[in-house]
Every structure is written in C-alpha cells, then in structure tokens.
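In case you want the letters, here they are:
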Amino acid sequence: MKPPPFAYARAAGVPEALALLRDAGEDAKILAGGQSLVPLMAYRLARPSHLVDIGRITTHRYVRGDGGGLRVGALVRHLELERATGLTGPWQALREAAGRIGHHPVRVRGTCGGSLAHADPSAELPVVAAALDASVTLQSADGTRTVPAADFFLAPFITALEPDEMLVEVAFPAPPPGLRSVFEEFQVHSGDFALASAAVAVALDGDGVATHVRVALGSVGPVPVRAREAEEALTGGRLTERAAAEAARLAASAAGAAAGSSAASGEVPGGGADFRRELVRTLVTRALDRLKEKS
Ligand SMILES: Cc1cc2nc3c(=O)[nH]c(=O)nc-3n(C[C@H](O)[C@H](O)[C@H](O)COP(=O)(O)OP(=O)(O)OC[C@H]3O[C@@H](n4cnc5c(N)ncnc54)[C@H](O)[C@@H]3O)c2cc1C
C-alpha cells in the first residue's frame, strides 16, 4: 500500500523545524529516522498532512556528560548509543538497550528521540528512561519545557508531546554514588520486539548494601512499569540470592498487575499473562545476578 499524499519539508535546524510544525498545524508530523512512522504511513495507520523531516539536523546528535549526569540529543541514532563505549556503570543499560532494538539497519536510522516520542509499549529506550529517572526536553516555537519520563508516557503510542512540539533531548540526572545499570530482554527471534524487558539499576555502598534501586519493566503494560515493591524490598539490604529471588517475584507480580489493570495484555501480542510474568521473573533475576557479580 502507498501512503496518502502529504506535504514534505526538510528542516536545516531545530528553529526551522519548530516554525514548520507551528505553521503546518496539528496534522503535521515530525519525521526522524522514519523506522516507525514510514511503515505506519504505508499501512495508512498514520495520515499526516505534512512531514517535517529533522533527520539531517546535526546539532542534536550528541551524547555528553553534564555535572555527573548525561544528556542525549534527540537525533542520536540507536547504533551510536550501542557503540558509545563510554556508556558504562550507571549508563550501561542505555547502551545495552540500544543494541537490542530491531536489526542493524533499523539501528542505523532510528533515533533516540523518535523511539521515546513513538512510545511503543515494547520499546527498549522508554524502559531505560524510567529506570534512570530521565526527563525529556520538549520545545515548540513558543518555548521549552521539561517533563519527567514518568509523566511523559501516557498510553501506548501516546505521550505528553503537543502537536507543535519536538522532543529535543533526554537528560539523565547525576546518579547516586556507585550506581550501575543493566538491561535484559526476551525476544523470540533476534531483532523482534521484546516480549518482556527489564532495566535494573542498583547502587551499593562500601558494605554491599543497596542504597538506591530501580526496576523498570517493558512490554508488560501500556507504558513502562516501575516495580516499586521489588525496589523497596531490595533497598537497605545486600544483593543475596534470596533477596534477588524475592525481588524478581515481586517484579513478576507488578508485571501481572500492570497487564491485568489495562488493555495492555491485548495490545502487546505474544504469550499469555503467566508466561510474561515468568519472563519478568527470569529477566530481573538475571539482571540482579549481573549487578551482584560486578560488585
Ligand atoms: C523491522 C523493525 C524492527 C523494529 N524493532 C524495534 C525494537 O525492537 N524496539 C524498538 O524500540 N523499536 C523498534 N523499531 C522501531 C525503531 O526503533 C524506530 O527507530 C523508533 O521507534 C522510532 O524512531 P525513528 O527515529 O525511526 O522515528 P520516526 O519513525 O521518524 O517517528 C516515529 C514517531 O515519533 C515522532 N517523532 C520522531 N522524532 C521526534 C522528535 N524528536 N520529537 C517529537 N516527535 C518525534 C514522529 O512524528 C512519529 O510519530 C523497529 C522498526 C522496524 C522497522
């Protein structure tokens, strides 16, 4: 199938993109890597009146440290994150997650901003954003605002973005001392969307006691799910096998609750609720094992 007709403009910079978006009205769409939008248009599931192509803007293609935190420009490609060898310790989950997105050609073109804006419940990067307490910067011709990831993802494929706004950056705050993060997911075939994923971040003090824990899950609900009971169970204790097993059990139960409390189980294909809960239990156990090994 071919997409219906649309107007097309390529922006040389962010100000031009924002002016084009404002002038084109609310049926305009940003085109970044095109890896999600173009297939949707081809199937006529998206029918934008205008496309504002930001794919060649170079100013927002950066990954840089900032006072202990990290800033990633919206136009950074998944492959660039995957190959950013400096993304270790607190940022390792970001690098690992980027490397699990689709196939190589998808990662060459797909952008970090596009993945967050698209808000697929099975996408990897929103899960990492939730685990690392990220926030996104949204810009329009009228100004700029910053939205925590927890408030950005509203429903499958729906975010807090207004039609005239561009997501320009994702920022990760300075991590607590000793924070490390890892990402785990299960795909039926390499390159498939994940049936379940987990980004886990843990800071251990000098005695091996967890002072900060985040467990975020993907593909189990309409938006990334924080397994708060698992986080609380681990905080203040050591990462023993028993503690990890209990946290994994609690994370699996959070996944079950998220699927049960929404239409998500129907929207995220592949496997029943019990299977998905078991996947989460395994993924969180694996993640905690890896974090324990490195301590
Ligand atoms: C075969 C295949 C497999 C894939 N597998 C995975 C996978 O396993 N995991 C995964 O996460 N993704 C997967 N994807 C999707 C891929 O990661 C996309 O790159 C990503 O979802 C969107 O990024 P993009 O830059 O291509 O955005 P586009 O397709 O250009 O845009 C997607 C949406 O986001 C909006 N948008 C884009 N950038 C911005 C911005 N800066 N500000 C505001 N709105 C913006 C667009 O208007 C559009 O609505 C797959 C895609 C394909 C084709």
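Residues numbered from 1 in each chain as written. Predicted model: local features only at pLDDT ≥ 70, side-chain atom pairs only at ≥ 80, totals over all residues.

Things to note about the nonpolar core
Within the largest apolar cluster, 95 residues are counted, with the highest numbers of intra-cluster contacts made by Val200, Ala251 and Val284. Among the elements that line this core, the one with the most residues is helix α10 (residues 241–260), at 10 residues. With residues up to four places along the chain from it excluded, the contact list for valine 284 reads Ala198, Val200, Val215, Ala230, Ala247, Ala248 and Ala251. (Core = buried A, V, L, I, M, F, W, Y, C linked by C-beta atoms within 7 Å. Buried ≥ 20, exposed ≤ 12 C-beta atoms within 10 Å, placed from the backbone. Helix = DSSP H or I, 4+ residues; strand = E, 2+ residues; numbered from the N terminus. Contact = placed C-beta atoms within 7 Å.)

What to know about helix α12 (residues 273–293)
Here α12 spans 30 Å end to end across 21 residues, near enough to the 30 Å set by a 1.5 Å rise per residue. Inspection of α12 places Arg276, Arg277, Leu279, Val280, Arg281, Leu283, Val284, Thr285, Ala287, Leu288 and Leu291 among the buried residues, and these make up the whole buried set. (Expected span 1.5 Å × (residues − 1).)

Here we look at the environment of leucine 20
Looking at the element boundaries, leucine 20 is found in helix α1 (residues 14–24). Between the C-alpha atoms of leucine 20 and glycine 110, which are 90 residues apart in sequence, the distance is 22 Å. Those residues in contact with leucine 20 that sit more than four places away from it in its chain are Ala9, Ala11 and Val52.

Notes on the environment of serine 36
In this fold, serine 36 is placed in the loop between β2 (28–31) and α2 (37–42). Between the alpha carbons of serine 36 and phenylalanine 153 there is a distance of 17 Å; along the sequence they are 117 residues apart. Beyond its immediate chain neighbours, meaning those up to four positions away, serine 36 contacts Gly114 and His118.

Quick notes on the sheet that holds strand β6 (residues 135–140)
Taken in spatial order, the 5 strands make up an open sheet running β4-β5-β10-β6-β7, and their pairing is antiparallel. Edge strands, defined here as strands with exactly one partner in the open sheet, are β4 (63–66) and β7 (143–148). Going from strand to strand, the sheet's axes swing by 25° on average, the running direction of each strand aside. Two elements, β4 and strand β5 (residues 69–73), share 4 bridges in a ladder whose sense is antiparallel. In the sheet register, valine 63 faces β5, and the bridge partner there is valine 72. Set on the sheet, α1 makes contact with β6 and β10 (166–172); between it and β10 the angle comes to about 130°. (Pairing = 2+ DSSP bridges. Axes fitted to C-alpha atoms, helices over the stretch in contact; angles between N-to-C directions.)

Considering the domain arrangement of the chain
In terms of domains, the chain is made up of domain 1 (7–53), domain 2 (63–172) and domain 3 (179–293). Taking the mean C-alpha position of each, domain 2 and domain 3 sit 20 Å from one another. On the side of domain 3, 26 residues touch domain 2, which itself brings 23 residues to the contact. Where the side of domain 2 that touches domain 3 is concerned, the elements lending two or more residues are α4 (92–99), α7 (125–131) and β8 (153–155). The dominant element in the side of domain 2 that touches domain 3, judged by the number of residues it contributes, is α7, at 5 residues. Taken together, the residues of the side of domain 2 that touches domain 3 sort by class into 15 nonpolar, 5 polar and 3 charged. (Domains from an automatic or database assignment. Nonpolar A, V, L, I, M, F, W, Y, C, P; charged D, E, K, R; others polar.)

Observations concerning the site of the ligand
The full set close to the ligand counts 29 residues, and Gly33, Gly102, Gly110, Gly114 and Ala123 are the nearest of them. In terms of residue class, the shell around the ligand is built from 14 nonpolar, 11 polar and 4 charged. (Near = placed C-beta within 6 Å.)

Examining unusual backbone geometry
Of note, arginine 44 is a non-glycine position whose phi angle comes to about 60°, a positive value. Turning to its location among the elements, arginine 44 is positioned in the loop between α2 and β3 (50–53). In this model, serine 219 sits at a positive phi of 70°, which is unusual for a non-glycine residue. With respect to the helices, strands and loops of the structure, serine 219 is situated in the loop between β13 (210–218) and β14 (225–226).

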